[in-house]
Amino acid sequence: MAIKGQGGAVEALLISGILIGVVGSVYFWGVPLIEKNKDIAILENSEALMKDLNNKIKFVANNGGRDQLRITVPGIMRYDATAETIELFVDTSGTI
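Residues numbered from 1 in each chain as written. Predicted model: local features only at pLDDT ≥ 70, side-chain atom pairs only at ≥ 80, totals over all residues. Heavy atoms only, no water.

Any chance you could explain the overall build of the protein chain here in plain terms?
Counting its regular elements, the protein chain contains one helix and two strands. In sequence order, the protein chain lays out its α and β elements as α-β-β. Out of the 96 residues in the protein chain, the part that is buried amounts to 8%. Here the contacts in the protein chain between residues at least 6 apart in sequence split such that 47% fall between residues at least 24 apart. Surface accessibility of the protein chain: about 8,300 Å² in total, with carbon and sulfur atoms responsible for 61%. (Helix = DSSP H or I, 4+ residues; strand = E, 2+ residues; numbered from the N terminus. Buried < 20%, exposed > 50% of the residue type's maximum accessible area, 1.4 Å probe, protein only. Contact = heavy atoms within 4.5 Å. Areas by Shrake-Rupley, 256 points an atom, 1.4 Å probe, with all protein chains shown as cover.)

Explain the packing of aromatic side chains here, please?
To describe a pair of aromatic rings, one takes the distance between the centres and the angle between the planes. The full count for this structure, using the stated rule, is one aromatic pair. With centroids separated by 5.5 Å and ring planes inclined at 75°, the aromatic side chains of Tyr-27 and Phe-28 adopt a geometry described as edge-to-face. Per residue, the accessibility class of Tyr-27 equals that of Phe-28, and both read exposed. (Phe/Tyr/Trp six-rings, centres within 6.5 Å; stacked < 30°, edge-to-face > 60°.)

Any chance you could explain unusual backbone geometry here in plain terms?
It is generally the case that most residues other than glycine have a negative phi and that most peptide bonds are trans. The backbone of Glu-84 sits at a positive phi, close to 55°, despite the residue not being glycine. As for its placement among the helices and strands, Glu-84 is situated in the loop between β1 (76–80) and β2 (85–89). Classification of Glu-84 as exposed rests on a relative accessible area of 66%.

Function cannot be inferred from these measures alone, as they are strictly geometric.
Printed below as a string of structure tokens:
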């Protein structure tokens, strides 16, 4: 003798379990990919900033005057007067 009315609850439980599994898999696969893309964007912005800084330094050295540059990259910029270098340190959470 079969008990009627239990099929709907079991189906709902199975569908919920499958849905949670799929969403969890997509989340754990997608988060590292999003972090990697974010880190690549930070790296590209850092490279563009340093190239722009280099061009501005050359322009001011050749033409005189002064110029300014807004630093929009999350990092630390350091000028070493003894070695005459400018360094930019950027932390990323993922691997590139």
